[in-house]
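# Observations on the model geometry
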Amino acid sequence: MKVITSIKEMQQYIMTVKQSGKTVGFVPTMGYLHEGHLTLMNQAKNENDLLAVSIFVNPLQFGPNEDFDSYPRDFERDSQLAEKNGVDVLFHPSTEEMYPTKMSLAAKVHSRIDVLCGRQRNGHFDGVATVLIKLFNIVQPDRAYFGLKDAQQVAVVDGLITDFNFPITLVPVEIVREEDGLAKSSRNVNLTDQERIEAYRLFESLQMAKQAILDGERDPKVIEELIQNHILEHTSGDIDYVEIYRYPELDELTELTGKIIIAIAVKFTNVRLIDNITFDV
Ligand code: PAF
């Protein structure tokens with residue numbers, strides 16, 4: 001595995017790869033790799049000639065009260081995991097390399113952000129879009145892989161690729177789940193024992209909602225209520241949101257048709273869990 005920290009060197013390396021006719025699959029990350037990342041890498045490895053992964057904790061996407069300084073970092077462990085999982089090139093630039101001076105220009109995301117978790121994260125997706133424009137220009141992937149656990153980020157990247165005409169195929173990758181259906185997350189360890197027993201009810205509520213829609217229910221309010229009641233009845237969590245939108249546009253719907261997302265966020269004692277499903281009606 002090649003580790004590259006310089007943008008120039010990465011661009012030269014990718015140019016040689018592309019000249020030899022190879023396809024590049026790209027998994028951008030902020031490091032501290034977990035099973036979700038490894039699933040993306042695995043799929044990217046299978047679908048491309050070369051697997052490129054970036055590790056860069058992007059300061060632009062953290063708000064003033066968010067955990068940029070304390071964000072977990074362990075490059076030694078990450079590079080071992082990357083090598084074991086077939087990564088061909090690991091791009092690991094410093095903050096100074098990526099942002100040598102204050103940027104004179106940056107991305108501003110206009111839609112798909114004032115809903116779901118984005119509502120509480122002012123400016124977050126501007127930072128994500130800005131770093132991805134840079135990373136896409138540096139890595140020049142044929143395919144870029146993002147997990148549907150953060151379906152709003154996937155929606156924003158979809159808009160970015162379309163609006164800025166990047167010749168990149170966006171590959172959204174399904175949520176990886178525990179055996180009982182709970183979406184995998186490093187935060188699940190913060191559930192109490194009792195909460196962990198109840199937590200599968202979140203996914204169960206989404207599946208029930210999907211079934212009700214497939215059985216003919218078309219009113220989003222009815223479906224939202226069904227989910228809320230199921231979660232309140234079977235868990236001790238506090239519902240943060242239950243929302244349904246057209247996907248990936250994240251527009252409101254009065255009638256459930258086309259491709260939709262149902263997304264939920266539920267607060268437990270020490271952790272807030274999110275989950276979602278996307279499907280065609
Ligand atoms: O999902 C992440 O880890 C980050 O938002 C990303 C896409 C690597 C951009 O910094």
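The structure displayed is predicted, hence computed values, not measured ones.

The terminal C-alpha atoms of helix α8 (residues 200–214), which comprises 15 residues, lie 21 Å apart, in line with the 21 Å expected from a rise of 1.5 Å per residue. Among the residues of α8, those classed as buried are R201, L202, F203, S205, L206, A209 and I213. Backbone geometry just downstream of α8 places G216 in the positive-phi region, at approximately 125°.

Moving on, we come to the site of the ligand. Contacts to the ligand come from P28, T29, M30, N58, Q61, V128, V131, F146 and Q153. One nitrogen or oxygen atom from the side chain of Q61 is found 2.6 Å from an oxygen atom belonging to the ligand. One of the side-chain nitrogen or oxygen atoms of Q153 is found 2.7 Å away from an oxygen atom of the ligand. Across the complex, the protein chains shield 85% of the 290 Å² of accessible surface that the ligand would expose by itself.

Within the secondary structure layout, G118 lies in the loop between α4 (95–98) and α5 (124–139). Contacts of G118, omitting those with residues within four sequence positions, involve I113, F125 and Q152.

Moving on, we come to the side chain of D126. Note on placement: D126 falls in helix α5. Ignoring sequence-local partners within four residues, the contact set of D126 consists of A107, K108 and V109.

If you look at the biggest cluster of nonpolar residues, it comprises 52 residues, and the most contacted ones within it are M10, M98, L132 and F136. The dominant element in this core, judged by the number of residues it contributes, is α5, at ten residues. Beyond its immediate stretch of four places on either side in the chain, F136 contacts F26, P141, A144, F146, V157, L160, I161, F166 and I168. Of all hydrophobic cores here, the second largest spans 24 residues; its members include I213, I231, F268 and V271.

Another point: the packing of helix α1 (residues 7–19) against α5. Packing of α1 against α5 leaves a shortest axis separation of 8 Å and a crossing angle of 50°. One finds that α1 runs oblique with respect to α5. Facing I7, M10, Q11 and I14 of α1, the residues of α5 in contact are N137, I138 and V139. By residue class, the composition of the contact of α1 with α5 is five nonpolar, two polar and no charged.

Before going further, it helps to examine the sheet that holds strand β7 (residues 238–246). Read across the sheet, three strands follow the order β7-β8-β9 without closing on themselves; strand pairing throughout is antiparallel. Of all strands in the sheet, those with a lone pairing partner are β7 and β9 (272–280), marking the two edges. For this sheet the average axis-to-axis angle between neighbouring strands, irrespective of direction, equals 10°. When strand β8 (residues 259–267) meets β9, the two strands line up antiparallel, connected through nine bridges. Residue pairing for β9: I261 is matched across the bridge by T278. Contacts between helix α9 (residues 220–234) and the sheet are confined to β7 and β8, with β7 contributing the most and set at about 155° to the helix.

With that out of the way, let us pick up the sheet that holds strand β5 (residues 143–147). Strand pairing in a sheet takes place through backbone hydrogen bonds and is either antiparallel or parallel in direction. The strand order across the open sheet built from six strands is β1-β4-β3-β2-β5-β6, with neighbouring strands paired in parallel fashion. Pairing within the sheet leaves two strands with one partner each, and these edge strands are β1 (2–4) and β6 (169–173). Across this sheet, the average inter-strand angle for adjacent strands is 25°, counted without regard to direction. Across three bridges, the pairing between β1 and strand β4 (residues 89–91) is parallel.

Glancing now at the pairing of strand β2 (residues 24–29). Across the six residues of β2, six count as buried, placing the element largely inside the fold. Because side chains alternate across β2, one face comprises the buried residues V24, F26 and P28, and the other comprises G25, V27 and T29, equally buried. After leaving β2, the chain enters helix α2 (residues 35–47) and then returns to the sheet as strand β3 (residues 50–55), a path that is right-handed. Where β2 meets β5, two bridges bridge the pair, whose relative direction is parallel.

Cut-off values and rules
- Residues numbered from 1 in each chain as written.
- Predicted model: local features only at pLDDT ≥ 70, side-chain atom pairs only at ≥ 80, totals over all residues.
- Heavy atoms only, no water.
- Helix = DSSP H or I, 4+ residues; strand = E, 2+ residues; numbered from the N terminus.
- Expected span 1.5 Å × (residues − 1).
- Buried < 20%, exposed > 50% of the residue type's maximum accessible area, 1.4 Å probe, protein only.
- Near = heavy atom within 4 Å.
- Polar contact = N/O pair within 3.5 Å; in protein donor to acceptor, adjacent residues only side chain to side chain.
- Areas by Shrake-Rupley, 256 points an atom, 1.4 Å probe, with all protein chains shown as cover.
- Contact = heavy atoms within 4.5 Å.
- Core = buried A, V, L, I, M, F, W, Y, C linked by side-chain atoms within 4.5 Å.
- Axes fitted to C-alpha atoms, helices over the stretch in contact; angles between N-to-C directions.
- Parallel < 35°, antiparallel > 145°, perpendicular 65-115°, else oblique.
- Nonpolar A, V, L, I, M, F, W, Y, C, P; charged D, E, K, R; others polar.
- Pairing = 2+ DSSP bridges.
- Right-handed = clockwise from strand over helix to strand, strands pointing away.

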